[in-house]
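One letter stands for each residue in the lines below.
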Amino acid sequence: MIDRAPVTKALQGMIAKATGRPCGLGKLPLMNGKPTEVPYTVLYPLGGSVGGAPLADLSEDAELVYQLTSVAGRADQAEWMADRGRRALLERGGSGVWLFPLDVPGVDVWARELDADDGIDASAAVEGIVTSSQRYRLSASGSM
């Protein structure tokens, strides 16, 4: 069985490192116990399927879906943060390997894809908050 929690923790850390900005898990990230200033990202585990191993294979499989919401003070800043998030999850180097690896012990995350991009929501911009949300699907197999 592939547990989601270690994948989520690794993904959250990878996003923070790759974007250079804090990433909260389902809530506003804190820095030294205080709310982080914009821009930042928030990661939401949304579900997905976990399957048992097929007859001829001992590896478990999982499709895990996450929403990554970029939070900023202006539309251009939200778009910039969303671009950094997309690069963190999807960008590959010249040899085809992920530019930002997702290291999870016992799990091989072998595919990452953009599932949906809801664009920028500037409806709350009057209050100084603009968001941009994307959903990503990770395909993983348990490694032995």
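Parameters and conventions
Residues numbered from 1 in each chain as written. Predicted model: local features only at pLDDT ≥ 70, side-chain atom pairs only at ≥ 80, totals over all residues. Heavy atoms only, no water. Helix = DSSP H or I, 4+ residues; strand = E, 2+ residues; numbered from the N terminus. Buried < 20%, exposed > 50% of the residue type's maximum accessible area, 1.4 Å probe, protein only. Expected span 1.5 Å × (residues − 1). Arc of directions from axis to C-beta. Salt bridge = Lys/Arg side-chain N within 4 Å of Asp/Glu carboxyl O. Contact = heavy atoms within 4.5 Å.

Colleague: Quick question: what am I supposed to make of unusual backbone geometry here?
Modeller: Trans peptide bonds make up most of the peptide bonds, and negative phi angles are found at most residues other than glycine. At the junction of Val38 and Pro39, the peptide bond is cis and its omega measures out at 0° in the coordinates. As for its position among the elements, Pro39 is in the loop between β3 (34–35) and β4 (40–51). Even without a glycine there, the phi angle at Asn32 is positive, about 55°. For Asn32, the location among the structural elements is in the loop between β2 (30–31) and β3. You can call Asn32 exposed: its relative accessible area is 80%.

Colleague: Sorry, what's going on with helix α2 (residues 75–90) here?
Modeller: End to end, α2 covers 22 Å across 16 residues, agreeing with the expected 22 Å (1.5 Å per residue, within 8%). For α2, the complete set of buried residues consists of Gln77, Ala78, Met81, Ala82, Gly85, Ala88 and Leu89. Take α2 and look down its axis: the buried residues cluster within an arc of 135°, on one side only.

Colleague: Explain the pattern of salt bridges to me, please; I cannot follow it from the model alone.
Modeller: Any two side chains of opposite charge can pair, so long as their charged atoms come close to each other. One pass over the structure, following the stated rule, counts six salt bridges. Residues Asp117 and Arg86 are paired through a salt bridge, measuring 3.0 Å at the closest nitrogen-oxygen approach. Separated by 31 residues along the polypeptide, Asp117 in strand β6 (residues 107–121) and Arg86 in helix α2 bring together distant segments of the chain. Here the salt bridges do not stand alone but share partners, grouping Asp83, Arg86 and Asp117 into one network.

Colleague: Looking at this structure, I do not really get the side chain of Thr41. What am I missing?
Modeller: Structurally, the position occupied by Thr41 is in strand β4. Apart from residues lying up to four places away in sequence, Thr41 is in contact with Ile15, Pro22, Cys23, Gly24, Pro29, Leu68, Thr69, Ser70 and Met81.

Colleague: Explain helix α1 (residues 4–19) here, please?
Modeller: The periodicity of an α-helix, 3.6 residues per turn, causes residues three or four places apart in sequence to face the same way. Compared with an ideal rise of 1.5 Å per residue, which puts 16 residues at 22 Å, α1 spans 22 Å between its outermost C-alpha atoms and is within 8% of the ideal. Taken as a whole, α1 has its buried residues at Val7, Thr8, Ala10, Leu11, Met14, Ile15, Ala18 and Thr19. Projected onto a plane normal to the axis of α1, the buried residues spread over an arc of 165° and lie on a single side. For α1, the exposed residues set more than 90 degrees away from the buried face come down to Ala5, Lys9 and Lys17. Positioned one or two residues after α1, Gly20 has a phi angle of 75°, which is positive.

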